[in-house]
Structures are given as structure tokens and as C-alpha cells.
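If you want the building blocks of each chain, they are given just below.
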Amino acid sequence: MSLADQPPAAVLVFQTLLVHGSLTRAEIGRRTGLSAGAVTKAATPLLADGWITELGRPAGERASGRPATPMAVRADRARFVGVKVTGDELIGVLTDLTARPLASRRAPLDSRDVGTVVLAIARLIGQLRAAAGAERDDAVHSVGVTLSGDVDGQTGTVQYSPFLDWRRVPLAQLVESASGIPTVIENDVRALTVAEQWFGAGVGLSSFALVTVGAGIGCGLSIGGRVVSGAHGVSGEVGHLPVGGTDRTCTCGNTGCVETVASTHAITEQARQATGDPALTMEEAVRLAHADNAAVRAVFSRAGHVMGLAMASVANLIGPERIIISGEGAASYDLFADQIRQTFADHAFGAAADCDLVVRPLPFEEWARGGAAVAAQRVFAPAK
Ligand SMILES: [Zn+2]
């Protein structure tokens, strides 16, 4: 039996337990608006098939159905692998049904050739299975692979990934053939947003945005409890909001995008110009800024300004309760923080400015976990 065959009330009960841990039937009823009878009816097949369990009930005893007996998702019912693909590395985790990591591994990528990357992903999946003692053929339910770019999760196709220079790659099918395990793919920021919605700083919020700063600048949107995919597979591309003021060319081919000022690459290039040192690295730029080098500080401040513009645009468009700021760039957030908050306050319209800005450094293993969360989500909410 697949959870995808269950009626909506069962899926709702399952999702509620997944997000909130153990709850009594009465608590589930309060959170979902289902009647006590409807909760029991929805939970019965889930209990029978082992997706959820009643806590504190001795093995062998029949399900009590008592309203006060807490129920919880059975974490060991299924395992998933999540893989994040970057330009030079794969990061993988093997998780249980609640996306709790059981093993993690990284593998360098020495080529961006599709065939080479697919084989490296399959090898990494094998290593994760061995590390977690999950080598049986059916031990891993499915795999979720995430990467930046225009990723169509419905068809499993990477439409366009600038940093890998891939166009129209049927990645889900290729990984599935190479690994022998059902595979889904998703944009990496959207997958991380799913993980934050279920297990992170987005739990219980009616709407939130996750803005990631680093090599690219992305944004995942959760509105009314749903992570937005966009009718054409693209949404939240704040890195390509036109903010003008620059003639530098973006990876997308346009000029004036947020990324041409605030991506790691853009900051490094501007710091090289500001210092006259053509070999300056991002790490050195951060060090100079911390040492109060005025020219380099100005580069970070300008980056913070356009990030603030991007976040104010997000707030003005969807009015989220919270904007979570993450990505590699969050490590040097102190260099951007004042300018981001200032620009955000200046440009967020009215009460949209009440949105709180939260900085959350999330290592790449958390991004990979997002892939596992997307794979787990498809168990009970298959792609339509
Ligand atoms: Zn662009």
C-alpha cells in the first residue's frame, strides 16, 4: 500500500504527525479540524500498515482507539536518500521517514559531464546504504536529488542549470537507471524550504520565505502551508530581480540582476577592483572587511543593499511571517546585516516590514536532507 492511495484525511493526519511529533487523537482533531470519528477512521489504515504507531501500547495488543493514546509516525517505516549537487561536490544523507539523518557522505566532482555526475551519485548512494546497513534491495524507498537552476520536479528534468551548464537533462530517470531506486529531483532551494517547513524555522508558520545567499541568490516560498513550485517550475528567483545600477552580466545573460552585485562571485570581483588585487579570494575579502578596509566594506554594504531590496520585494509581494536567511554567504552575515535591515525597513511597505528576518546557517548536509524530505513527501503527495 502506498500512502498516496489514502484519502485526504489520512494524508492530513500523517502530515500533522510528521510535523508535530506525537499527538493524541484529540490533539490531531484540534490541529486538523477533523472530528474525533474522522481522525480514528483516517488513522486506522495508517496504523494497520505501519506508517504510524500508538505510543505506550504493548506489542500484540490491538489498537485501543482511545482518544488519549498518543500516536506518532513510525520513523523506521521507510528510508530515503537525499543528494545535493554543487559545481564541484556531491553531499548525501540517508534518512528515516522523518528525515532524521542516519548517515552522511561527501564526494568530490571532478567533471560536470552528465554521465560522470550520474555515476558519482549512484556510487554515493551505495556508500550511504553501506554506512547505514541499508543494503537490502528494498531498504531505501526513494532518492531525492537537488540542484540549483530551473528544475522540473514533475517530469524529473533539469531544464537549465547554469553552473553545471546542463540543458534538458532527464536526471531523475538517469539516476533511477544507475541506482535502481525510484528517484525524484527538485530545485535545491525549494527542497530546503520543504525541510524548513517540516522540521526547521518554518514550522507552524502560515507563510515564510527562505532566501539563500552564496554562489547564487535563491528564494523558496511557502504560502498557506504549501511550498510554491510555480506553474512553469520557476518561482522565487530573487537573484534575477532587476535592481539596475550595474553593467555586469549575470549568469542568466541579463544585466542589473541582484546576483551581479551580491553573489559570492560578484562580491569577489568587486573586491578585486576595489583593492586592485586581481587574485583576491572571497575569504581574503571577508578578512579585509573585518579589518575595516573601507573600500571592501563598501562592496559588502552594496551587496547588503541589493539583498535588502530583494527581501523587501518578497515581503511586499507575499507578506510572509518570516524571512529565513541562509546559504554559504550567511557565514559572513555580520558584514551585510546592518545594510540589509536598513534597506529592508526603507522599502518594505507598511505592515510588510513586521516580517522578522532570521539568519540560519545551514550546512550542505541540511540541503541534502531537503532532498530526502522531498522524496518522503512524494510518498503521500505524489507529483500530479
Ligand atoms: Zn540574472
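This one's a predicted model, so the numbers in the text were calculated from it and none came from an experiment.

Visitor: Would you take a moment to explain the packing of helix α1 (residues 8–20) against helix α2 (residues 25–32) for this structure?
Guide: When two helices pack together, their arrangement is given by the angle between their axes and by how far apart the axes lie. In the contact formed by α1 and α2, the axes pass within 10 Å of each other and the chain directions differ by 105 degrees. In terms of axis orientation, α1 runs roughly perpendicular to α2. Facing Leu12, Val13, Thr16, Leu17 and His20 of α1, the residues of α2 in contact are Ile28, Arg31 and Thr32. In terms of residue class, the contact of α1 with α2 is built from 4 nonpolar, 3 polar and 1 charged.

Visitor: What is the right way to look at the sheet that holds strand β12 (residues 217–223) in this model?
Guide: Hydrogen bonding along the main chain pairs the strands of a sheet, whether they run parallel or antiparallel. Taken in spatial order, the 5 strands of this open sheet run β13-β12-β11-β14-β15, and their pairing is mixed. Strands with a single pairing partner mark the edges of an open sheet, and in this sheet they are β13 (226–227) and β15 (356–359). Across 7 bridges, strand β11 (residues 207–213) lies against β12 in antiparallel orientation. Bridging from a neighbouring strand, leucine 210 pairs with glycine 220 of β12. Against the sheet, helix α10 (residues 294–318) engages β11, β12 and β14 (322–326), with an angle of about 20 degrees to β12.

Visitor: So what exactly am I meant to see when it comes to the pattern of salt bridges here?
Guide: Where charged atoms of side chains with opposite charge meet at close range, the side chains can pair. Under the criterion given, the structure shown has 13 salt bridges. The shortest N-O distance in the salt bridge between aspartate 96 and arginine 100 comes to 3.2 Å. Taking the relative accessible area as the measure of exposure, aspartate 96 reaches 4% and is therefore buried. Of the charged contacts, one joins arginine 322 and aspartate 356 as a salt bridge, the two residues approaching to 3.4 Å between their closest N and O atoms. Residue arginine 322 is located in strand β14, and its partner aspartate 356 is located in strand β15; the two are separated by 34 residues in the primary sequence. Through salt bridges with shared partners, a single network forms among Glu89, Arg106 and Glu365.

Visitor: It is not clear to me how the coordination of the zinc ion should be interpreted in this structure. Could you clarify?
Guide: Tetrahedral coordination by four donors puts the ideal angle at the metal at 109.5 degrees, and octahedral coordination by six puts it at 90 or 180 degrees. The zinc ion binds to the protein through His240 (ND1), Cys250 (SG), Cys252 (SG) and Cys257 (SG), with metal-donor distances spanning 2.0 to 2.4 Å. Bound by 4 donor atoms, the zinc ion shows angles of 105 to 122 degrees at the metal and therefore tetrahedral coordination geometry. Spacing between the donor residues of the zinc ion along the chain follows H-x9-C-x1-C-x4-C. In this pair, the class of cysteine 250 matches that of cysteine 257, namely buried.

Scoring rules and cut-offs
- Residues numbered from 1 in each chain as written.
- Predicted model: local features only at pLDDT ≥ 70, side-chain atom pairs only at ≥ 80, totals over all residues.
- Heavy atoms only, no water.
- Axes fitted to C-alpha atoms, helices over the stretch in contact; angles between N-to-C directions.
- Helix = DSSP H or I, 4+ residues; strand = E, 2+ residues; numbered from the N terminus.
- Parallel < 35°, antiparallel > 145°, perpendicular 65-115°, else oblique.
- Contact = heavy atoms within 4.5 Å.
- Nonpolar A, V, L, I, M, F, W, Y, C, P; charged D, E, K, R; others polar.
- Pairing = 2+ DSSP bridges.
- Salt bridge = Lys/Arg side-chain N within 4 Å of Asp/Glu carboxyl O.
- Buried < 20%, exposed > 50% of the residue type's maximum accessible area, 1.4 Å probe, protein only.
- Donors = N, O, S within 2.8 Å, 3.2 Å for Na, K, Ca; no water.
- Tetrahedral: all angles 85-135°; square planar, octahedral: opposite > 155°, others 65-115°.

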